[in-house]
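Spelled out from the first residue to the last, the chains are:
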Amino acid sequence: MRTVALPKEGTAAAWRDAARGLLGAGTPPEDVVWQYGDAAPDLFAGPPEGPAAGAARAPRSFVALSETVCWHADLERFARLYALLWRLRGRPGLMQDRGDPGLARLREMEKAVRRDRHKMTAFLRFREIEATGARRRFAAWFEPDHHILEPIAPFFMRRFGDMDWVIVTPDLTATFTDGDVSFSDGGSRPPLPEDATEELWATYFRNIFNPARLKVKAMQAEMPKKYWKNLPEAAAIPELIAGAQARARDMQAAAPTLAPARAARISERLRMTEDLPPVDDLDALRREAEGCDRCPLHRDATQVVVGEGPRDAPLMVVGEQPGDQEDLAGRPFVGPAGQLFDRFAEEAGLDRSRAFVTNAVKHFKFVPRGKRRIHQKPDAGEVQACRWWLDAERRLVRPDLILAMGATAAASLTGRGQGIMKRRGTFEETGDGTPVLLTLHPSYLLRVPNEAARAAAERDFRADLSAAAAWLEEHAA
Ligand code: URA
């Protein structure tokens, strides 16, 4: 029996080194006891030892999985990961086997860690504490479900790099001073002072709270009660809920006098700036989206698939949702519809590498049928929930033109999905005035039942992509 003791800091790297060594030495999973942090030594295990010598290769998808799962709170995580790694030796395709219970459990753990990370970035609140040097100092207390403070620290370092801060969790404390982070033991809730920032949060929350759209269940799903006690703005929630009906009636009585088109444009602009994920770049957006649970689609999908392409792309191409292959690869439009799009785009003179390619919905919706996963159209609620991410992508990329492929993309971008066959080839606008060229979805071309209809659809699609290329040329700076 071999015992491997893993440290609380650098757990994922230590697990990787140990697992590599054990695999290289041919040690089967049942001969390994994994210990973590301050866990008491197992009475029946041999003495703790460092990683064994030797090296072994693992698929990249496994490495990515292990790097997230290692931060899960379940003590079995290390053994489960090693058991999967062991089985991967003879079955390289195992990572794609959605029916494998061992892999399925690890995927659940991966999602739980990602969700926890998302909640921490959304609900951690810093309070200002006394400064000792030139930089302002802040402290925060947070109780994550998993051991995520270390992997998430770089997010807070990037976002709050111009101040010193400490984040205390029951498990670990991260201290960021003059640009360097260090970790020490966790603690209990520190006595954090109430400060001006506190009142700011409460005021902000009161202002963004729309009593006419109050959905207590949805609000609690996104901001579960367990986070309330550490959120300054949460103190306002009971009072806001209680007064919501009366305020909604008052709002109705004082109905807006703005012309509808102008009102829509203003509210779109406000929505684009106020209520979006706090991300400054596309990598951060991807990381944030990994923890997304704004609708139920995250439960069955393998992973979130956000857009890709240059941040300064003049063209944004929006499809419906990732398909089976995109869900596995984690990239948009890489399957049959994507290949068809690439072919037509090239013919039309559109360079995909200069476009930002994304989808209205970021998780694959499907029903299992035997070994196959059959695509399901996302419903209006799912499209609406995911618009948050599409808007965030639009805010970062700020494309000159958007190509909306299919009814779902049209619905998300223009507010109307019907009549796409009649509307295709025409330009409409998003609420904030970005031009949207409507076209067919490439998977429609793959599905049309007869030759003549397919030829007509291909002609239309080609014409629309050429119109996009011409528009871009005409509007090039
Ligand atoms: N269909 C889409 O709408 N998007 C993809 O990424 C793939 C297929």
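Only a predicted model underlies this, so the values are computations on that prediction, with no experimental measurement involved.

Colleague: Please clarify how the overall build of the protein chain should be interpreted in this entry.
Modeller: The number of helices and strands found in the protein chain is 18 helices and 15 strands. For the protein chain, the proportion of its 477 residues judged to be buried stands at 47%. Partitioning the contacts of the protein chain with sequence separation of at least 6, the portion at a separation of at least 24 is 71%. Total accessible area computed for the protein chain in this model is approximately 23,800 Å², and 53% of it derives from carbon and sulfur atoms.

Colleague: I tried to follow the confidence of the model for the protein chain on my own but got confused; where do I start?
Modeller: Segments scoring low in pLDDT should not have their predicted coordinates read at a detailed level. The predicted model of the protein chain has a mean per-residue pLDDT of 85, with 82% of residues at 70 or higher. Predicted confidence for residues 50-54 stays below pLDDT 50, and this span has 11 contacts to residues more than four positions away or in other chains.

Colleague: Just to check I follow, could you spell out the state of the cysteines for this structure?
Modeller: In a disulfide, the sulfur atoms of two cysteines are held together by a covalent bond. Overall, the coordinates contain zero disulfides when judged by the stated rule. C292 carries a free sulfur, and the closest cysteine sulfur to it, the one in C386, is 6.1 Å from it.

Colleague: Looking at this model, I keep getting lost on the packing of helix α2 (residues 60-69) against helix α4 (residues 101-123). Mind explaining?
Modeller: Direction vectors running N to C along α2 and α4 enclose 55°, while the axes themselves pass 8 Å from each other. One finds that α2 runs oblique with respect to α4. Of the two elements, α2 crosses α4, and the hand of that crossing is left-handed. Contact residues: A64, L65, T68 and V69 in α2; L103, L106, R107, M109, E110, V113 and R114 in α4. Its residues placed into classes, the contact of α2 with α4 shows seven nonpolar, one polar and three charged.

Colleague: In this structure, what is going on with helix α5 (residues 149-159)? I would like to understand it.
Modeller: Residue pairs three or four apart in sequence face the same way in an α-helix, which turns once every 3.6 residues. If you check which residues of α5 are buried, you get L149, E150, P151, I152, A153, F155 and F156. Buried-residue contacts for α5 involve α4, β6 (164-168), β7 (172-177), β8 (180-185) and α11 (282-290).

Colleague: In this structure, what is going on with the nonpolar core? I would like to understand it.
Modeller: A general trend in soluble globular proteins is that nonpolar side chains are found buried together. Of all hydrophobic cores here, the largest spans 55 residues; its most connected members are W15, W34 and Y82. In this structure, L282, V318, A409 and A410 belong to the second largest nonpolar core, which totals 33 residues.

Colleague: Help me understand the environment of A345 in this model?
Modeller: For A345, the position within the fold is in helix α13 (residues 336-348). Here A345 falls in the buried class, since its relative accessible area comes to 2%. Residues A345 and A469, spaced 124 residues apart in sequence, show a C-alpha to C-alpha distance of 8.9 Å. Ignoring sequence-local partners within four residues, the contact set of A345 consists of L350 and L465.

Colleague: How should the sheet that holds strand β5 (residues 137-141) be read in this particular structure?
Modeller: Strands belonging to one sheet form pairs held by backbone hydrogen bonds; the direction of such a pair is parallel or antiparallel. Strand order in the open sheet formed by five strands is β4-β5-β6-β7-β8, with mixed pairing between adjacent strands. The two strands at the open ends of the sheet, each matched to only one other strand, are β4 (127-129) and β8. Looking at each pair of strands side by side, their axes are set apart by 20° on average, direction ignored. Relative to β5, β4 is paired through three bridges, and the arrangement is antiparallel. Paired with R127 across the bridge in β5 is A139.

Colleague: Teacher, can you tell me more about the sheet that holds strand β13 (residues 401-405) here?
Modeller: Strand order in the open sheet formed by five strands is β10-β9-β13-β15-β14, with mixed pairing between adjacent strands. On the outer flanks of this sheet lie β10 (355-359) and β14 (427-429), each paired with one strand and no other. Averaged over all neighbouring strand pairs, the angle between strand axes comes to 30°, with direction disregarded. Bridge count for β14 against strand β15 (residues 435-439) is three bridges, and the pairing is antiparallel. The residue bridging E428 from the neighbouring strand is V436, located in β15.

Colleague: I keep staring at the site of the ligand and nothing clicks. Help me out?
Modeller: Around the ligand sit G319, E320, Q321, P322, G323, E326, P332, F333, N359 and H441, and those are all the residues in its vicinity. Here Q321 contributes a backbone N or O atom positioned 2.9 Å from a nitrogen atom of the ligand. One of the side-chain N or O atoms of H441 is found 2.6 Å from an oxygen atom in the ligand. Burial of the ligand by the protein chains amounts to 93% of its free accessible area of 240 Å². Grouping the constituent residues of the shell around the ligand by class yields three nonpolar, five polar and two charged.

Colleague: Explanation requested: the pattern of salt bridges in the structure shown.
Modeller: Pairing between side chains of opposite charge can happen when the charged atoms of each approach one another. In this structure the tally under the stated criterion is 31 salt bridges. Note that R105 and E108 form a salt bridge whose closest N and O atoms lie 3.1 Å from each other. Here the residue R105 and the residue E108 both occupy positions in helix α4, the gap between them amounting to three residues, near one helical turn. Its relative accessible area of 25% is what places R105 among the partly exposed residues. Close ionic contact of R352 with E308 constitutes a salt bridge, the shortest N to O distance being 3.8 Å. One end of the pair, R352, is in the loop between α13 and β10; the other, E308, is in the loop between α11 and β9 (315-319), with 44 residues separating them in the sequence.

Colleague: Would you mind showing me how to read the pairing of strand β1 (residues 2-6) here?
Modeller: Remember that side chains alternate between the two faces of the sheet whenever the strand is regular. Alignment of β1 against strand β2 (residues 32-36), held across five bridges, turns out to be parallel. The residue bridging T3 from the neighbouring strand is V33, located in β2. Of the crossover connections in this fold, the one passing from β1 over helix α1 (residues 11-24) to the parallel β2 is right-handed.

Thresholds applied
- The numbers attached to residues start from 1 for each chain and follow its sequence in the written order.
- Owing to the predicted nature of the model, reporting of local features is limited to residues with pLDDT of at least 70; listing and counting of side-chain atom pairs is limited to 80 or more, with chain, interface and lining totals taken over all residues.
- Excluding hydrogens and water, the side-chain values take into account all heavy atoms of the structure.
- Strands here mean DSSP runs of E at least two residues long; helices mean DSSP runs of H or I at least four residues long; both are numbered from the N terminus.
- Working definition: with a 1.4 Å probe on protein chains only, accessible area under 20% of the residue-type maximum means buried, over 50% means exposed, and in between means partly exposed.
- Residue contacts are counted whenever heavy atoms from the two residues lie within 4.5 Å of one another.
- In short, Shrake-Rupley with a 1.4 Å probe defines the accessible areas, and a residue's cover is counted only from the protein chains shown.
- What pLDDT conveys is the predictor's confidence in a given residue, as a value from 0 to 100.
- The disulfide definition used here is simple: a pair of cysteine sulfur atoms within 2.5 Å.
- The axes are straight lines fitted to the C-alpha atoms, using for helices just the contacting stretch, and the angles between their N-to-C directions are given from 0 to 180°.
- Reported orientations rely on four angle classes, namely roughly parallel under 35 degrees, roughly antiparallel over 145, roughly perpendicular from 65 to 115, and oblique for the rest.
- Crossing handedness is defined as follows: a turn of the near helix away from the far one that is anticlockwise and smaller than a right angle gives a left-handed crossing, while the clockwise case is right-handed.
- Asp, Glu, Lys and Arg are counted as charged, while Ala, Val, Leu, Ile, Met, Phe, Trp, Tyr, Cys and Pro are counted as nonpolar; the rest, among them Gly, fall into the polar class.
- Nine residue types can take part in a nonpolar core, namely buried Ala, Val, Leu, Ile, Met, Phe, Trp, Tyr and Cys, and a core is a set of them joined through side-chain atoms within 4.5 Å.
- For two strands to be treated as a pair, DSSP must find no fewer than two bridges joining them.
- Each residue is tested against the molecule or strand, and it is near if at least one of its non-hydrogen atoms lies within 4 Å.
- Polar contact is the term for a pair of N or O atoms within 3.5 Å; when the atoms are in protein, one must be able to donate a hydrogen and the other to accept it, and sequence-neighboring residues count only if both atoms are side-chain atoms.
- What counts as a salt bridge is simple: a side-chain nitrogen of Lys or Arg found within 4 Å of a carboxyl oxygen of Asp or Glu.
- Looking down the strands as they point away from the viewer, one classifies a crossover as right-handed if the path from the first strand across the helix to the second runs clockwise.

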